[in-house]
Amino acid sequence: MNIIILGQQGSGKGTQAELLAKKYGLDHFDAGHALRQISLLDTPLGKEVNEIVMVKKELVPSRLLKEVLHIRLNDLGREQGMVFDGVPRNLEQAIYFQEALREFGRKIDQVIFVNISKEESLKRIGKRFSCEKCKEAVALTGNGKKLVCSKCGGKLVQRSDDTKEGVEKRLSIFEAETMPVIEYFKKERLVSKINGEQSKEKVFEELLKKLNA
Ligand SMILES: [Zn+2]
């Protein structure tokens, strides 16, 4: 089983990917996390990724993403299912992705699109903080919570581009670049669209229904 989960900023796709990975024992491939891990390595690839992602803060080229995916695929047994969280982000990445999977005798079985409105996205991102140290993202709920990371105790900060303008910009990039990926997989009848504006439990329930259908 190889599943892609896509969704707008704040759609909760990462949480759904995590729940899905846990339920079916899938490997959770979070590209951002994988790239940060690679960037720490003292190898030519690690240095290159570090330069692009951490220093220049640019979008990693598809060829590097493919290399990172290759490393992961190499580490996994062929029967090990995977869930891809938030990638591929654009059509070029989608092509590289499928190429890499094919080389390992895999194919995408389903694409889950967790959809939320622009208003919901803006509302949720406004409450989102992430850890300065391990970069883990958390949503603040209620008052009086201490602003420390539940995983490593690091300081929680709001991303500097989590402003209304920043979110709007990322939403328009999603519309322009990631929606074509969804359209592309739609032609292969692989896409299931899910209403992301429910509790995470309800979203997961709907996801499982669509997955088993
Ligand atoms: Zn942390």
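About the criteria used
- Residues numbered from 1 in each chain as written.
- Predicted model: local features only at pLDDT ≥ 70, side-chain atom pairs only at ≥ 80, totals over all residues.
- Heavy atoms only, no water.
- Helix = DSSP H or I, 4+ residues; strand = E, 2+ residues; numbered from the N terminus.
- Buried < 20%, exposed > 50% of the residue type's maximum accessible area, 1.4 Å probe, protein only.
- Lys, Arg positive; Asp, Glu negative; His and termini not counted.
- Salt bridge = Lys/Arg side-chain N within 4 Å of Asp/Glu carboxyl O.
- Contact = heavy atoms within 4.5 Å.
- Donors = N, O, S within 2.8 Å, 3.2 Å for Na, K, Ca; no water.
- Tetrahedral: all angles 85-135°; square planar, octahedral: opposite > 155°, others 65-115°.
- Pairing = 2+ DSSP bridges.
- Phe/Tyr/Trp six-rings, centres within 6.5 Å; stacked < 30°, edge-to-face > 60°.

## Things to note about the side chain of Asp 85
Argument step 1. With respect to the element layout, Asp 85 can be found in strand β3 (residues 82-85).
Argument step 2. Salt bridges are absent for the buried Asp 85, whose nearest opposite-charge side chain, Lys 13, sits at 5.0 Å.
Argument step 3. In this view, Asp 85 contacts Ile 5, Lys 13, Gly 14, Ala 17, His 28, Phe 29, Asp 30 and Ala 31; residues no more than four positions away in its chain are not counted.

## Digging into the coordination of the zinc ion
Argument step 1. Cys 131 (SG), Cys 134 (SG), Cys 149 (SG) and Cys 152 (SG) make up the full set of protein donors to the zinc ion, lying at 2.3 to 2.4 Å.
Argument step 2. Around the zinc ion sit 4 donor atoms, and with donor-metal-donor angles ranging over 97 to 117 degrees the site reads as tetrahedral.
Argument step 3. Mapped onto the polypeptide sequence, the residues donating to the zinc ion form the spacing pattern C-x2-C-x14-C-x2-C.

## Examining the pairing of β3
Argument step 1. Burial of β3 is two-sided: the residues Met 82 and Phe 84 facing one way and the residues Val 83 and Asp 85 facing the other way are all buried.
Argument step 2. Two elements, strand β1 (residues 2-7) and β3, share 4 bridges in a ladder whose sense is parallel. Across the sheet, Asn 2 pairs through a bridge with Met 82, a residue of β3.
Argument step 3. Alignment of strand β2 (residues 27-30) against β3, held across 4 bridges, turns out to be parallel. Opposite Asp 30, over in β3, you have Asp 85 as the bridge partner.

## Re the packing of aromatic side chains
Argument step 1. Enumeration according to the criterion identifies 4 aromatic pairs in this entry.
Argument step 2. Their ring planes at 65 degrees and their centres at 5.8 Å tell us that Phe 29 and Phe 84 sit as a pair that is edge-to-face. One end of the pair, Phe 29, is in strand β2; the other, Phe 84, is in strand β3, and 55 residues separate them in sequence. One exposure class covers both Phe 29 and Phe 84, and it is buried.
Argument step 3. Put simply, the rings of Phe 29, Phe 84 and Phe 97 touch in pairs and so form one group of aromatic residues.

From the geometry alone we can't say anything about function, so treat these as descriptive.
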